[in-house]
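Observations on chain architecture
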Amino acid sequence: MKILVPVKRVIDYNVKIRVNSEGTAVEKNNVKMSMNPFDEIAVEEAVRMKESGLAEEVIIASIGDKGSQETIRTAFAMGGDRGIHIVNELNTEPLAVAKILKNIVEKESADLVIMGKQAIDDDSNQTGQMLAALLSWPQATFASKLELNDNDLKVIREIDGGLETLNVKLPCIVTTDLRLNEPRYASLPNIMKAKKKEIIEIPIAETGVDFTSRLEVLKVEEPAARSGGRKVEDVDELIDVLKNEAGVI
Amino acid sequence: MSILVIAESNGTEVDRGTLSAITAAKKIGNEINLLILEETEEVINKAQKIKGVSKIFTASGDLEGGLAENIAPLILECAKDASHVFSSAGTFGKNIMPRVSALNDSQQISDICEIVDSDTFVRPIYAGNALETVKSSDKVKFITVRSTAFEAANDEEGNAEIVTGPVAGTNGKSSFVRRDLSESDRPELTAAKIVVSGGRGIGSADNFSILGAAVGASRAAVDAGYVPNDYQVGQTGKVVAPELYIAIGISGAIQHLAGMKDSKTIVAINKDEDAPIFQIADYGLVGDLFEIIPELSDKIK
């Protein structure tokens with residue numbers, strides 16, 4: 001079985017982001033970039049499947065600028081086998097990403113795609129579901145537990161109000177939620193080995209996919225800042241202000 | 001042109017998130033149709049009275065578990081004359097809407113918090129640390145709505161027409177097994193007027209059951225196993241905007257703030273006086289939560 005894991009390079013989740021002075025985008029220059037945390041969970045899950053003999057190969061794909069290769073290598077250091085880098089200097093929208101991934105899935109004959117439920121930059125939460133639609137594959141989103149028996153995948157999903165269990169047949173798409181696993185730290189020997197693994201580079205224009213943006217970004221702004229109020233001395237004062245000042249109890 | 005809203009219900013009433021999506025839809029057009037999937041007579045009767053709804057499509061066939069594979073084609077069929085398709089941005093809408101949107105070759109717009117005009121929407125990015133205004137060039141727009149950003153549509157004066165909708169097929173590739181919902185007699189988190197949330201320092205869920213409020217939690221408290229995952233407030237959990245939000249033993253990580261910073265009044269109780277949560281709280285109280293909480297619950301009764 002071949003598993004495809006798409007990964008996205010995003011601003012590190014610990015960075016406090018800043019909108020650029022033109023108000024057109026979030027500033028990415030001189031900012032620490034990392035693999036999208038949900039994608040790390042996806043890589044970890046795929047590598048665990050390979051380690052337990054359920055999968056033969058874990059292919060890593062990324063769409064983005066040159067820096068994306070560093071992200072692919074991070075996935076290699078965790079246990080990914082080889083990489084595909086679709087080069088696009090500009091932002092690629094989820095629908096176009098899904099179309100490109102569909103081509104990769106078909107070319108590579110992947111049986112399972114495990115990917116993050118959302119990227120923490122645009123917070124769209126769309127690509128996995130869109131890819132499933134385009135391939136006419138079943139989808140198991142927001143997964144917190146996977147159990148594979150032959151071609152049947154039992155998935156526990158995180159939903160509003162609790163958990164849901166689904167059975168999906170391979171080939172299928174899984175999107176990861178936070179509690180699926182805890183991604184490993186790559187060991188130094190594995191980081192060294194990752195440098196030698198192969199990445200194929202394909203310019204986005206050569207994918208045959210129409211990647212024109214459907215959404216024009218008119219502006220990006222910071223939300224109205226919430227200013228801190230004040231400290232109160234004790235419980236009595238707290239109850240008093242909540243009753244008489246805020247009027248909320 | 002009409003607007004289709006995908007309704008969710010608990011079997012007795014239409015969800016608050018759906019009512020917010022209807023309010024959002026009303027800002028764009030006058031002809032709003034509702035698709036009700038897991039229908040009961042009670043839900044349909046209530047939905048019929050929602051002000052501003054023209055038609056209600058009922059559905060039949062394999063609707064069990066609301067599987068995206070079975071329901072996405074059915075939504076598209078109901079959306080034939082629609083310019084916009086809306087759903088709430090809960091896990092149901094997040095799961096199903098991109099599948100529908102891709103089948104229609106449209107680029108979905110997720111989690112909108114403001115409508116500028118029928119093509120232009122504002123949505124949070126980077127966990128709400130920035131707002132993006134986007135203009136869509138797609139013919140049909142598929143949209144999920146952040147429910148805290150729109151009032152719930154009232155349900156008093158409407159008189160919608162009931163239309164028998166399409167039949168969902170069985171896809172044969174996925175099947176629903178079961179749903180394990182956390183049971184609670186407390187108010188639902190996203191609809192509650194008062195939310196009390198605890199962090200890792202809280203020790204157990206019992207320690208923040210004050211005010212008869214809904215209980216939320218930070219990611220750390222969920223990961224520590226004090227409360228189930230669906231209590232989590234934050235970027236990857238629920239987004240809440242109650243009248244009063246009390247954060248107990250929560251330091252105020254960016255990811256948590258993203259889920260509660262639109263609350264009307266925020267109270268922070270923390271023993272660390274430099275905790276970042278105090279920078280956004282209206283009222284802060286520094287001290288030991290194990291002394292403060294019993295005193296607060298006692299005096300507030």
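Thresholds, definitions, all that
Residues numbered from 1 in each chain as written. Chains lettered and ligands numbered in written order. Predicted model: local features only at pLDDT ≥ 70, side-chain atom pairs only at ≥ 80, totals over all residues. Domains from an automatic or database assignment. Contact = placed C-beta atoms within 7 Å. Nonpolar A, V, L, I, M, F, W, Y, C, P; charged D, E, K, R; others polar. Pairing = 2+ DSSP bridges. Helix = DSSP H or I, 4+ residues; strand = E, 2+ residues; numbered from the N terminus. Buried ≥ 20, exposed ≤ 12 C-beta atoms within 10 Å, placed from the backbone. Core = buried A, V, L, I, M, F, W, Y, C linked by C-beta atoms within 7 Å. Axes fitted to C-alpha atoms, helices over the stretch in contact; angles between N-to-C directions.

In this section: the domain arrangement of chain B. Note on interface size: it is often stated as the accessible area lost on association of the parts. Residue and element names in this part refer to chain B. Taken domain by domain, chain B comprises domain 1 (2-168) and domain 2 (189-300). Computed over C-alpha atoms, the centres of domain 1 and domain 2 are 31 Å apart. Listed by partner, the interface residues are seven residues for domain 1 and eleven residues for domain 2. Residue composition of the side of domain 1 that touches domain 2, grouped by class: one nonpolar, four polar and two charged.

This brings us to the pairing of strand β6 (residues 114-117) of chain B. Residue and element names in this part refer to chain B. Of the pairings in the sheet, the one linking β6 to strand β7 (residues 120-125) comprises three bridges and is antiparallel in character. Directly across from Ile115, in β7, lies its bridge partner Phe121. Between β6 and β7, which pair antiparallel and follow one another directly, the connecting turn spans two residues.

Here the focus is unusual backbone geometry. Omega for the peptide link from A:Leu170 to A:Pro171 comes to 0°, which places this bond in the cis form. If you trace the backbone, A:Pro171 turns up in the loop between β9 (162-169) and β10 (172-176). Phi at A:Asp150 takes a positive value of approximately 50°, unusual for a residue other than glycine. By secondary structure assignment, the location of A:Asp150 is in the loop between β7 (139-149) and β8 (152-159). One non-glycine residue, B:Tyr126, lies in the positive phi region at around 50°. Position of B:Tyr126 among the secondary structure elements: in the loop between β7 and β8 (130-136). The exposure class of B:Tyr126 is buried, given the 26 C-beta atoms found within 10 Å.

A word on the nonpolar core. Nonpolar side chains tend to gather and get buried jointly when the protein is soluble and globular. Core analysis: the biggest nonpolar cluster contains 114 residues, and A:Val5, B:Val5, B:Leu35, B:Ile75 and B:Val85 have the highest contact counts within it. The biggest single contributor to this core is helix α3 (residues 94-108) of chain A, with eight residues. Sequence-distant contacts of B:Leu35, that is, excluding residues within four places in its chain, are made with B:Leu4, B:Ile6, B:Ala7, B:Phe57, B:Ala59, B:Ile75, B:Cys78 and B:Gly165. With 57 residues, the next largest nonpolar core counts B:Ala213, B:Ile250, B:Tyr283 and B:Ile292 among its residues.

This part takes up the sheet that holds strand β11 (residues 199-203) of chain A. Spatially, ten strands are ordered β11(A)-β5(A)-β4(A)-β1(A)-β6(A)-β10(A)-β7(A)-β8(A)-β9(A)-β11(B) in an open sheet, and the strand pairing comes out mixed. Looking at strand neighbours, the two that pair on one side only are β11 of chain A together with β11 (174-181) of chain B, the edges of this open sheet. Neighbour to neighbour, the strand axes of the sheet diverge by 25° on average, direction disregarded. When strand β6 (residues 112-116) of chain A meets β10(A), the two strands line up parallel, connected through five bridges. Looking at the pairing, A:Gly116 lines up with A:Thr176 of β10(A). Against the sheet, helix α4 (residues 127-135) of chain A contacts β6, β7 and β10 of chain A, and its axis sits at roughly 65° relative to β7(A).

Moving on to the sheet that holds β6(B). The antiparallel open sheet is built from four strands, whose spatial order is β12(A)-β8(B)-β7(B)-β6(B). Among the strands making up the open sheet, the edge pair consists of β12 (215-221) of chain A together with β6 of chain B. Strand-to-strand twist of the sheet, defined as the mean angle between neighbouring strand axes without regard to direction, takes the value 30°. Pairing between β7(B) and β8(B): six bridges, direction antiparallel. Bridge pairing in β8(B) places B:Val122 opposite B:Thr133.

We now examine the interface of chain A and chain B. The interface of chain A with chain B comprises 61 residues on the first partner and 69 residues on the second. Residue assignment for the side of chain A that touches chain B shows that the elements contributing at least two residues are α3, α4, β7, β8, β9, β12, β13 (230-232) and α6 (235-244) of chain A. Looking at the side of chain A that touches chain B element by element, the count peaks at eight residues for β9(A). Looking at side-chain class alone, the side of chain A that touches chain B contains 31 nonpolar, twelve polar and 18 charged residues. In terms of strand pairing, β13(A) meets strand β16 (residues 283-286) of chain B through three bridges, oriented parallel.

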